Amino acid sequence: MHYNDDRMYIVIVVAFMITLTLRHGPSWGFGVAVLAPACVLYVALAGALASFRASRAIRAMQGPPALPGQRRRRALLPLLLPLYLLGGLAELHFLGLAQAVDAWPILRDTPLLAEAVMLTPFVAALAVVWLAEYPAHRLARQQLAERFADEGWQPPVWSRRQFLLFNFRHQFLFLAAPIALILLAHHLILARNLPAIFAAADRLAARLNTPPLSEIGRENLAAILAVAIAAVVFTLVPALLVRIWNTSPLPPGELRDTLLGTLRALRLRCRPPRIWHSGGVVANAGAMGLIAPLRYVLLSDSLLARMDRRQIQAVFAHEIGHIQQHHIFYSALFTLAVAVWVSLLAEWTASIWPTIDDLALQVAAVAVMAVVWGFGFGIISRRFERQSDVIAAWASGHDGGGDDDGQTGDPRRVTPEGAAVFASALRRVAQLNGISPTASNWRHGTIESRTTYVMALAVTGGTREPIDRQVKRIKLAVAAACLAAAAVGVWTFLHTTLDC
């Protein structure tokens, strides 16, 4: 049920892709005398764009509701800043940022240090952006306090420092930590031991009486091992993320017992629910983890304090739906499929167009990967979200997901009571966060469309079957894309390895 700016997650991921892709690419090779002022200008312009965006947001909050044409223009404005952040970072690499960093042996030879220095301008730009956007956050919280005056609740407001630290932990570190662990594991486990791994592969080839690995075959083997390392890190990293996000176990009591009962009713194994500490500002929930010992469901402090037990249980069931239906796994699988297919496409392009510039090909591959993933992941994520909505509405009308109560005649039917409970929980989340029910979200759609869907199911006597069937087709398509990519990759590996 996340309702923060999901676009920043894409920006951060693509920033890492740009840094890793362009690190060893050609550049104009300018020195520190040009790079230093270029970095300062990059950060300063990011701050100016963010200040302009924040001032427009403040005027929009203080003025009358926007007309349709104004809403379209305001929707385009936020895209300028992400495009600038990524384009400016790429330009710094073209100027010679990576070469300037690698010129220092201590930076080049220390794991992660070179990448950290190369990302410093981007992180500084992010910090300036968040600081510039703080006044808009403060005004939004003040307006939220006015709407809750009748309830006698004064919504807390972060200080500028708290706002900066929250965004740094929950947006940048949330992605940077697993990426850094993957790079570190690659350096310590793979890069240092590649000669021994290749020697072992050659010995195995000799025993099987097959040719030794070719140069391309070795590159393919290294890529396969890198993917395996990334998969292991991705599986284990939730244990670190729940600490980066400042969480703690939900204490024993009636609510914890109720939520654990929901887990048993839905026949799901995961860690006990945790409190997500936000200083009372964020009303939200989340789920993470692929395997039972490292699966977590997080409920924010504001959500626990300002929602009733049945609403909390409905939000919890929604997050459990993501885990039960393996949405996290298939999201990761889709990301892997996109990465592999774009890489294969880049290799085919290079093979049929030998004169193409390598740097241009790499930049084009990153751009295609970002566009395809962003568009496709948004569609898939919204379908997953709808399925979890229906599961939560269904569970809320069947005593947390147990057997049918005998009144509906169909244990998969969404009851009017269950739909009403979940719809009230979703509207309450929007209310506590000051979000308009018609505000669109890249990964979730609008709250209005989500509540309308579950209520329509209840009114018409609908069941979970239509959305379950739709998501099943999506899963099969993602799995097929991955299997096809794996088959092509294995064929390419064997073809290049055996010089067929």
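Residues numbered from 1 in each chain as written. Predicted model: local features only at pLDDT ≥ 70, side-chain atom pairs only at ≥ 80, totals over all residues. Heavy atoms only, no water.

Visitor: Describe the overall build of the protein chain, listing the residues and the values that go with them.
Guide: Tallying secondary structure elements over the protein chain gives 18 helices and four strands in all. For a compact globule of 500 residues, the expected C-alpha radius of gyration is about 23 Å, and the protein chain comes in at 25 Å, within 12% of that figure. Projecting the C-alpha coordinates of the protein chain onto the three principal axes gives extents of approximately 70 × 55 × 45 Å. The buried share among the 500 residues of the protein chain stands at 47%. Of all intrachain contacts in the protein chain linking residues separated by at least 6 positions in sequence, the fraction that spans at least 24 positions is 78%. Only carbon and sulfur atoms are counted for the fraction: they give 65% of the accessible area of the protein chain, which is about 24200 Å². (Helix = DSSP H or I, 4+ residues; strand = E, 2+ residues; numbered from the N terminus. Rg over C-alpha atoms; globule rule 2.2 N^0.38 Å. Buried < 20%, exposed > 50% of the residue type's maximum accessible area, 1.4 Å probe, protein only. Contact = heavy atoms within 4.5 Å. Areas by Shrake-Rupley, 256 points an atom, 1.4 Å probe, with all protein chains shown as cover.)

Visitor: Kindly report on the packing of helix α15 (residues 358-396) against helix α17 (residues 447-459), identifying the contributing residues and their values.
Guide: Helix-helix packing: each pair is described by the crossing angle between the helix axes and the interaxial distance. Orientation of α15 relative to α17, taken along the N-to-C sense of each, is 50 degrees, at an axis distance of 10 Å. Overall, the two elements α15 and α17 adopt an arrangement that is oblique. Pair α15 / α17 crosses with right-handed handedness. Judged by residue contacts, E385, R386, D389, V390 and A393 of α15 engage S449, R450, Y453, V454 and L457 from α17. Along the lines of polarity and charge, the residues of the contact of α15 with α17 split into five nonpolar, one polar and four charged. (Axes fitted to C-alpha atoms, helices over the stretch in contact; angles between N-to-C directions. Parallel < 35°, antiparallel > 145°, perpendicular 65-115°, else oblique. Left-handed = near helix turned anticlockwise from the far one by under 90°. Nonpolar A, V, L, I, M, F, W, Y, C, P; charged D, E, K, R; others polar.)

Visitor: Please give an account of a nonpolar patch on the surface that cites residues and values.
Guide: A contiguous nonpolar patch, built from W28, F30 and V34 and spanning about 310 Å² of accessible area, is present on the exposed surface. Note on placement: F30 falls in the loop between α1 (7-22) and α2 (32-62). Note on F30: relative accessible area 38%, which makes it partly exposed. (Patch = residues over 30% accessible without salt bridge, like charges linked within 9 Å, V, L, I, M, F, W, Y side chains within 5 Å. Salt bridge = Lys/Arg side-chain N within 4 Å of Asp/Glu carboxyl O.)

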